[in-house]
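Working through the structure, step by step
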Amino acid sequence: MATFKQVPPMSANFGQACYQCFAEQTPEKQLSRCGACKRIGYCSTACQKKNWKEHKTLCKALGELETTGSGMSLHFYNLSDPTAGDSINTMELAEFTNMSIHADIYFVERALGRPLDMIERNLFAWEPRCAACGINERMLRIRAREQGQGSSTQLQKCGDCLSTFFCSPRHWALVKKTHNTAPAAVNYNGMTLCQINQLIREDIRVANLLREGKAQQGELSGPDFGLLLPWAPNRTMEGWKSLLETDWEKEFLGGIAEELPFPPGTPMKPFLRAASDNLTLPMTILYALERLDVGDLAFTREEVLVIHVIGAADLEVMNAMMFEEILHRLPEVKRVEILLCGPDMRKIGGSEKPGGVALSMATCPECTDKDRRRVQIMSSSLYHDYVAKAGASFKTPALAVAFNSGASEVETDSWKATMKVLVEKKIPTVFTAFNRGEAEKEAALLKEAGAELVPALGPCRNPWGSMLFKVEPASLEGFYNSNGWFAGGFK
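Residues numbered from 1 in each chain as written. Predicted model: local features only at pLDDT ≥ 70, side-chain atom pairs only at ≥ 80, totals over all residues. Heavy atoms only, no water.

1. A few points about the overall build of the protein chain
Keep this limit in mind: Each helix is a run of H or I in the DSSP string that is no shorter than four residues. Each strand is a run of E no shorter than two, and both are numbered from the N terminus. The globule rule used here is 2.2 Å times the number of residues to the 0.38 power, and the radius of gyration it is set against is calculated over C-alpha atoms. Burial here depends on accessible area, computed with a 1.4 Å probe over protein chains only, as a share of the maximum for the residue type. Under 20% is buried, over 50% is exposed, and the range in between is partly exposed. For this analysis, residues touch if any pair of their heavy atoms sits within 4.5 Å. When charges are counted, neither His nor the chain ends are considered; positive counts come from Lys and Arg and negative counts from Asp and Glu. Every charge is mapped onto a representative atom, which is NZ of Lys, CZ of Arg, CG of Asp or CD of Glu.
When helices and strands are tallied, the protein chain shows 16 helices and 14 strands. Its C-alpha radius of gyration of 24 Å places the protein chain within 12% of the 23 Å reference for a compact globule of 491 residues. Within the span of the protein chain, comprising 491 residues, buried residues form 51% of the whole. Of the contacts made within the protein chain by residues no fewer than 6 positions apart, 71% connect residues no fewer than 24 positions apart. A distance of 5 Å separates the average location of the 55 positive side-chain charges in the protein chain from that of its 58 negative side-chain charges.

Following this line, the structure appears as structure tokens:
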């Protein structure tokens, strides 16, 4: 059986949790830093020994980076001055941070003679840096040696969130002006950067708890794919309920508290945030359908509701059971057909055939008793090719959706071809994105293809985006979440 390494969380990349078992550092249980690279920590000798085989070569390269390879980063640092005035020049800070990260990764990859994998790259992307000037502890140590200074070579951190760092009292004073007093740039419920950091910390602890429970039950054998808490309500609603004036807590908090086997009094909001990372798929679809069908809501009464997921990947395959929530919220629909279309489906046998391969998926006992079904079709074609191959037999779906497409970042020409087909065929469509920047760029692409965007579907926040925020390194916005933004919707 193939083995998979779990991705260390942000706290482990910060050196605040064991890099092997992810146990968080506490006042009673301090971590021991790797003496060679000084980059990661371990809770015990046993964990360090267990991780050494994987860490050994990177550890050596990190050591070489500090002794001979960080000159370029320091050069960039000396050229930049994001703290020249009474506030932080965030554009200049982001530019320096990106250049520094890329320079360090370039050196280490050359030292190793191979590209870094995602887990290794995270050590650079999530390396603690001063939130005002961008300097990291490696650069502080080098500068201290070069200048013969006896100053501290350690960054300090915010005592509340533990996730924002600074190198001097002056820089902390600059950071504090907005860190815990003003709403963060992502504009999430008016929360400050410090408050969002604390939520992320709480979510990491919950993820570690869920991961530990699955490991004890022998269920943790591969990447998480958001499946640490694959929960959806075990009920069918009596009729369609609008999603325009409600939210995650109103719709799901009571159900998750009632159905999950946690002791009475357990705070359930962190577990709801974990579950939302999966439930965002069906809820985003339903919300988009309602926004696009402003008339008589015909989609709620379709006998067969067809949804096309464009650019589908492992996430949608592994979360297939979540799509049953569509059946549960549309009691008049007899069958839901979900097309997962994209090159990542090629690992599914038969997906290369014209029209793909169809599978009848298991449903809950109530749906089974009422002969309500869910069919999943996998095709490895690009969507515009899928439509072309279907020819006159192509049937317009109720909705085509591209989750977190990244259309403005990767394979842009291919996405443009798909957008053109979506507009020409007048297929009701919605694109989502991880953050505002991506959403705005994709909205521009959709408009360029001729789409007339519905204002309520972007570019704007998606109220049914995942509640789980993740830190986005070297970004002016700081955070992202799955389906957090609508890039655009049209019909």
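2. Topic: helix α4 (residues 90-112)
So the rule is basically this: How far a helix is expected to stretch is found by multiplying one less than its residue total by 1.5 Å.
Taking 1.5 Å of rise per residue, the 23 residues of α4 would be expected to cover 33 Å, and the 33 Å separating its terminal C-alpha atoms lies within 8% of that figure. Inspection of α4 places Leu93, Ala94, Phe96, Thr97, Ser100, Ile101, Ala103, Asp104, Ile105, Val108 and Leu112 among the buried residues, and these make up the whole buried set. Where α4 ends, the next residue or the one after it, Gly113, has phi of about 75 degrees, a positive value.

3. Some words on the pairing of strand β9 (residues 399-402)
Heads up, the rule is: A pair of strands counts as paired when DSSP detects no fewer than two bridges linking them. Classification remark: right-handed applies to a crossover when, strands pointing away from the viewer, the course from the first strand over the helix to the second runs clockwise.
Residues Leu399 and Val401 of β9 are buried on one face, and the alternating residues Ala400 and Ala402, pointing to the opposite face, are buried as well. In terms of strand pairing, strand β5 (residues 304-310) meets β9 through three bridges, oriented parallel. Each bridged residue has a counterpart across the sheet, and for Val309 the counterpart in β9 is Val401. Assessed by its sense of winding, the connection that carries the chain from β9 through helix α15 (residues 412-424) to strand β10 (residues 429-433) is right-handed.

4. A word on the UniProt feature "domain: MYND-type" (unreviewed entry) in the protein chain
Inclusion rule: UniProt positions are given in the numbering used here, feature names are shortened, and annotations may be inferred rather than shown by experiment.
Summarizing the sequence annotation, UniProt attributes the feature "domain: MYND-type" (unreviewed entry) to residues 18-59 in the numbering used throughout. Summarising residues 18-59: 36% helix, 10% strand, and an end-to-end C-alpha distance of 16 Å.

5. Details of helix α14 (residues 383-390)
Going by this rule: Note: the arc covers the axis-to-C-beta directions of the helix.
Among the residues of α14, Tyr383, His384, Tyr386 and Val387 are the ones counted as buried. Seen end-on, α14 carries its buried residues on one side only, within an arc spanning 160 degrees. Relative to its buried face, α14 has exposed residues pointing more than 90 degrees away, namely Ala388 and Lys389. Of the surrounding elements, those touching the buried residues of α14 are β5, β6 (335-341), β8 (373-379) and α15.

6. Quick notes on the nonpolar core
As a reminder of what qualifies: We define a nonpolar core as any set of buried Ala, Val, Leu, Ile, Met, Phe, Trp, Tyr and Cys residues linked to one another through side-chain atoms lying within 4.5 Å.
Residues Ile196, Leu229, Ile285, Leu305, Ile326 and Leu399 are the most contacted members of the largest nonpolar core, which totals 85 residues. If one sorts the elements of this core by residue count, helix α10 (residues 269-292) sits on top with 13 residues. Here Leu305 is in contact with Leu289, Phe299, Ile326, Leu330, Val333, Arg335, Val336, Glu337 and Ala398, once residues within four sequence places are set aside. If you look at the next biggest cluster of nonpolar residues, it comprises 28 residues, including Ile310, Tyr383, Met419 and Trp485.

7. Notes on unusual backbone geometry
Here the bond from Gly458 into Pro459 is cis, since omega is 0 degrees, no more than 30 degrees from zero. Phi is positive for Asn483, which is not a glycine, with a value near 55 degrees.

8. As for the sheet that holds β6
Overall, mixed pairing links the eight strands, which are arranged β7-β8-β6-β5-β9-β10-β14-β11 in an open sheet. This sheet does not close on itself; its edge strands, each paired only once, are β7 (357-361) and β11 (460-461). The pairing of β10 with strand β14 (residues 485-490) spans five bridges and is antiparallel. The residue bridging Val430 from the neighbouring strand is Gly489, located in β14.

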